[in-house]
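If you want the building blocks of each chain, they are given just below.
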Amino acid sequence: MMDWEQAYREGVTPWDKGEAAPELAHILAQGTVKGRVLVPGCGLGHDARAIARAEGVSEVVGLDLAPSAVRAACALGGPSGLRFEEGDLFALPEGWAGEGFDWVWEHTCFCAISPTLRQAYVEAVWGLLRPGGHLLAIFYLEPRMDRGEEGPPFGVTREVLDTLFGARFELVSEWAPRAAYAGREGREWVRCLRRGD
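Everything numeric in this text was worked out from a predicted model, so none of it was measured.

1. Focus on the overall build of the protein chain
In terms of regular secondary structure, the protein chain is built from six helices and seven strands. Rg of the C-alpha trace for the protein chain: 16 Å, near the compact-globule value of 16 Å for 197 residues, within the 12% margin. Across its three principal axes, the protein chain shows a C-alpha extent of roughly 45 × 40 × 35 Å. Considering the protein chain as a whole, with its 197 residues, one finds that 45% of them fall into the buried category.

Below is the structure:
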């Protein structure tokens, strides 16, 4: 199992590109992401900061397992309404229940967890969203299969996403990213899903 804290302490974080996901700028420009937003697996918080600057967003919470990542994210600062919390998405304190987020932005958490935890991820996100809230996600489509490497990241197929999220979420829209980090072109897929009740 990956030791995320050790990776951040040693600075071995190839997933951190020093800026928000390129596709996120296109999404935020549409003005649909509003209210309270959770960013699980936020790392150094680049995506969380970009979302917190968007018009109509009232609060952004970046969540990460690694204390060093959370400390570094806090040190980088950001706009008002942004905070970073240390925590495990699968073992959040009782106070997190019913937080009622309007949106969850997913970019690096789902692909980082073991595939055995994917159903637990679906349940955790469903429970943190308000009724009718949205999960907006960039998923990795089998990014390492063609190279014969093990994850993380752990890729996924669109069919598996249908099965995993279908019972709890309604698919609103999906598309290939218009922009991606170098080397990730053609390896990602965006989905917007609405929480069902």
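That covers the picture; the talk isn't over yet.
2. Considering the state of the cysteines
Overall, the coordinates contain zero disulfides when judged by the stated rule. Lacking any disulfide linkage, Cys42 is separated from the closest cysteine sulfur, that of Cys74, by 8.5 Å. Here Cys109 stays free of any disulfide, with the sulfur of Cys111 as its closest cysteine sulfur at 8.2 Å. The exposure class of Cys109 is buried, given its relative accessible area of 9%.

3. Considering empty space enclosed by the protein
Rolled over the atoms, a probe as big as a water molecule pinpoints where empty space is left. By the definition in use, this model includes one cavity of 30 Å³ or more. The space that makes up the largest cavity amounts to roughly 30 Å³. Around the largest cavity, the lining residues are Leu24, Leu28, Val33, Val37, Ile51, Trp103, Val104, Trp105 and Leu136. Mapped by element, the contributors of at least two residues to the lining of the largest cavity are helix H2 (22–29) and strand S4 (101–106). Ranked by the residues each element gives to the lining of the largest cavity, the list is headed by S4, at three residues. Across the lining of the largest cavity, the residue classes tally to nine nonpolar, no polar and no charged.

4. Some remarks on the pattern of salt bridges
Any two side chains of opposite charge can pair, given that their charged atoms come close. For the structure on display, the rule yields twelve salt bridges. Measuring nitrogen to oxygen at the nearest pair gives 2.7 Å for the salt bridge that ties Glu59 to Arg36. Here the residue Glu59 occupies a position in strand S2 (residues 57–64), and Arg36 occupies one in strand S1 (residues 35–40), the gap between them amounting to 23 residues. Given a relative accessible area of 18%, Arg36 falls into the buried group. Across the pair Asp102 and Arg130 runs a salt bridge, and its minimum N-O distance is 2.5 Å. With Asp102 in strand S4 and Arg130 in strand S5 (residues 129–140), this residue pair connects regions lying 28 residues apart in the sequence. Look at Asp102 and you get buried, because its relative accessible area is 16%.

What counts as what
Residues numbered from 1 in each chain as written. Predicted model: local features only at pLDDT ≥ 70, side-chain atom pairs only at ≥ 80, totals over all residues. Heavy atoms only, no water. Helix = DSSP H or I, 4+ residues; strand = E, 2+ residues; numbered from the N terminus. Rg over C-alpha atoms; globule rule 2.2 N^0.38 Å. Buried < 20%, exposed > 50% of the residue type's maximum accessible area, 1.4 Å probe, protein only. Disulfide = S-S within 2.5 Å. 1 Å grid on protein atoms, 1.4 Å probe; cavity = no way out; pocket = protein on both sides within 12 Å on 5 of 7 lines; lining within 4 Å. Points joined across faces, edges and corners; volume = space filled by probe spheres on them. Nonpolar A, V, L, I, M, F, W, Y, C, P; charged D, E, K, R; others polar. Salt bridge = Lys/Arg side-chain N within 4 Å of Asp/Glu carboxyl O.

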